[in-house]
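# What the coordinates show
Each chain, letter by letter, is given below.
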Amino acid sequence: MPVVVVTDSSACLPVELAEDYGIIVVPLHVLVGDDAVLEGVDEMPGELYDGAATTSAASPGELKVAYTRAMRASKGDGVVAVHLSRHLSGTWEAGRQAELALDDNVRVVDSRGAGMGTGFAALAAARRAAAGASRDEVYQAAVDVAKRSKCYIVVDRLDQLRRGGRISTAAAVLGTALAMQPVFQVVDGKLALKEKTRTSSKALAKLVEAAVKASGDTPTALAVQHLDAADRAEQIADELRSRIPHVDEVVICEFGPTLGVHLGRGAVGVVVVPGGASFDSASAVDSES
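Residues numbered from 1 in each chain as written. Predicted model: local features only at pLDDT ≥ 70, side-chain atom pairs only at ≥ 80, totals over all residues. Heavy atoms only, no water.

- Per an unreviewed UniProt entry, the recorded name for the protein chain is DegV family protein, and the organism is Antrihabitans spumae.

Dropping the structure here:
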C-alpha cells in the first residue's frame, strides 16, 4: 500500500478529490454556544456565521487515532500529515504531539497556509504517494508545494476576523471607520494585510491582479474559494483562466465552517501554486531552481 496522506478539514478538499487519493481528513471542531460539532461530520447550526461561533483544533488524541488508522492502511510504508498553519491553529502542534507518541513512520507538515493552501500540499503528497514514492519523497512533495503556494483573501467585513483574533481590534476599527476593503495574504503562515482599497470591486480586482502576478510562467494550479459567494467565485475563476494561459488545474469550492466563521459571508480567496500541485510539475520546478 502506498504512503497514506492525512490532512484536516480546514484544507477544504472536495470530497471526491480526497476519496480519489485516499486522503484521510480529520474533522476540526466548531463551537456554537454549548454545542460542539465536527466539521464535515455533523450538521452545522443555522446561526453558524452570525458571529457567535468559534473554532477549536483537533486534539493530539484525535490525530493519534487518525495517524494510527493511516499507518495500518499503509502497511508500513508510512504516513505524511499536512495541516493548517501553526500560526492559525493548534492543529499542527497537536499533530507533532501525536507524531512523538507514535513511531517514526509519521511525518507532519506545516502547510504555512489555509484552505486549499493546505489542500494543494496534501494533494501533491497524495499524488506522489500514488506513484509509489517513499515517505520522505511524499513529505518533500508537500513541503515544496507549501513553499510555492500563495494565498489571497478578501472579506466583506472585518468583525469576525477580529473576534477570532486573526487581526487586531485597531485594524478592524480602522477598516470599518474608513469603509476600507482590504486584501489579505498569508505570509509565513500568518494573515497579513497586502493592500487597502475603498470598494469591494477594487479589492476583488486587486485579488485577481495578485494571483496573475504570482502565477509566473510555469504550469499553475488555482483554487477559488468562497463563502456564500458562488457567482463571484465563478467570475473570478473565469477571469483567471483567461489571464493565466498556463493554468493546469482549477478548483472552485466553499470555505468550510472552521475558516468560514472567521471570514464571514461574502469572503473570497484565491490560492495560486506556480509550478502546479502534481509531483511531476513540482519536480520540474525544483530541477530548474
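Structure shown, so let's carry the discussion forward.
### Focus: the sheet that holds strand S5 (residues 53-56)
- With antiparallel pairing, three strands are arranged side by side in an open sheet as S4-S3-S5. Lying at the two open borders of the sheet, with one neighbouring strand each, are strand S4 (35-38) and S5. Neighbour to neighbour, the strand axes of the sheet diverge by 30° on average, direction disregarded.
- Here strand S3 (residues 29-32) pairs with S4 via four bridges, running antiparallel. Directly across from Leu31, in S4, lies its bridge partner Ala36. (Pairing = 2+ DSSP bridges. Helix = DSSP H or I, 4+ residues; strand = E, 2+ residues; numbered from the N terminus. Axes fitted to C-alpha atoms, helices over the stretch in contact; angles between N-to-C directions.)

### Observations regarding the packing of aromatic side chains
- Enumeration over the complete set of coordinates arrives at zero aromatic pairs.
- The ring centre of Trp92 lies 3.8 Å from the NZ or CZ of Arg86, which sits over that ring.
- Lying over the aromatic face of Tyr139, Arg107 brings its terminal NZ or CZ to 3.6 Å of the ring centre. (Phe/Tyr/Trp six-rings, centres within 6.5 Å; stacked < 30°, edge-to-face > 60°. Lys NZ or Arg CZ within 6 Å of the ring centre and 35° of its normal.)

### What about helix H6 (residues 135-148)?
- Across its 14 residues, H6 extends 20 Å between first and last C-alpha, which sits within 8% of the 20 Å expected from 1.5 Å per residue.
- Burial analysis of H6 places 10 of its 14 residues in the buried class, the great majority of the element.
- Those residues of H6 that sit buried are Arg135, Val138, Tyr139, Ala141, Ala142, Val143, Asp144, Val145, Ala146 and Arg148. (Expected span 1.5 Å × (residues − 1). Buried < 20%, exposed > 50% of the residue type's maximum accessible area, 1.4 Å probe, protein only.)

### Describing the confidence of the model for the protein chain
- When the pLDDT values of the protein chain are averaged, the result is 87; 87% of them are 70 or greater.
- The low-confidence segment residues 164-170, where pLDDT is below 50, has 13 contacts with residues more than four positions distant or belonging to other chains.
- Throughout residues 281-289 the model reports pLDDT below 50, and contacts reaching past four residues in sequence, or to other chains, amount to seven contacts. (pLDDT = per-residue confidence, 0-100. Contact = heavy atoms within 4.5 Å.)

### What to know about the sheet that holds strand S6 (residues 79-83)
- In spatial order, the strands read S2-S1-S6-S7; together these four strands make up an open sheet with parallel pairing. Edge positions in the sheet fall to strand S2 (24-26) and strand S7 (106-110), since each has one partner strand and no second. Geometrically, the sheet is characterised by an average inter-axis angle of 20° between neighbouring strands, direction not taken into account.
- For strand S1 (residues 4-8) and S2, the ladder comprises three bridges, and the chain directions are parallel. Residue Thr7 lies in a different strand from S2, and its bridge partner there is Val25.
- In the packing of H6 onto the sheet, the strands contacted are S1, S6 and S7, and the crossing angle to S7 comes to about 5°.

### Here we look at the packing of helix H9 (residues 200-215) against helix H10 (residues 230-243)
- Contact pair H9 / H10: the axes reach a minimum separation of 10 Å and the direction vectors enclose 40°. Judged by the angle between their axes, H9 and H10 are oblique. With respect to the hand of their crossing, H9 and H10 are arranged in right-handed fashion. Taken together, the residues of H10 that come into contact with H9 (itself represented by Ser200, Leu204, Leu207, Val208, Glu209, Ala211 and Val212) are Arg232, Ile236, Glu239, Leu240 and Arg243.
- Tallied by class, the residues present in the contact of H9 with H10 amount to seven nonpolar, one polar and four charged. (Parallel < 35°, antiparallel > 145°, perpendicular 65-115°, else oblique. Left-handed = near helix turned anticlockwise from the far one by under 90°. Nonpolar A, V, L, I, M, F, W, Y, C, P; charged D, E, K, R; others polar.)

### A look at the pattern of salt bridges
- A complete count under the given rule lists 10 salt bridges for this structure.
- The shortest N-O distance in the salt bridge between Arg265 and Asp228 comes to 2.9 Å. Pair noted here: Arg265 is in the loop between helix H11 (257-263) and strand S13 (268-274) and Asp228 is in the loop between strand S11 (220-226) and H10, with a separation of 37 residues, a long-range link.
- A relative accessible area of 39% means that Arg265 is categorised as partly exposed.
- The residue Asp238 makes a salt bridge to Arg241 at a minimum N-O spacing of 2.9 Å. (Salt bridge = Lys/Arg side-chain N within 4 Å of Asp/Glu carboxyl O.)

### A look at the side chain of Gln225
- Its location among the elements puts Gln225 in strand S11.
- The class of Gln225 is buried, set by a relative accessible area of 1%.
- Of the polar contacts made by the side chain of Gln225, one reaches the backbone nitrogen of Met116; its length is 2.8 Å.
- Setting aside anything within four residues of it in sequence, one finds Gln225 in contact with Cys12, Gly115, Met116, Cys253, Glu254, Phe255, Ala267, Val268, Gly269 and Val271. (Polar contact = N/O pair within 3.5 Å; in protein donor to acceptor, adjacent residues only side chain to side chain.)

### Quick notes on the pairing of S6
- Within S6, five of the five residues are buried, leaving the element largely enclosed by the surrounding structure.
- Of the two faces of S6, both are covered, the one formed by Val79, Ala81 and His83 as well as the one formed by Val80 and Val82.
- Direction of pairing for S1 relative to S6: parallel, over a ladder of four bridges. Bridge pairing in S6 places Val6 opposite Ala81.
- One crossover worth recording links S6 to the parallel S7 by way of helix H4 (residues 91-101), and it is right-handed. (Right-handed = clockwise from strand over helix to strand, strands pointing away.)

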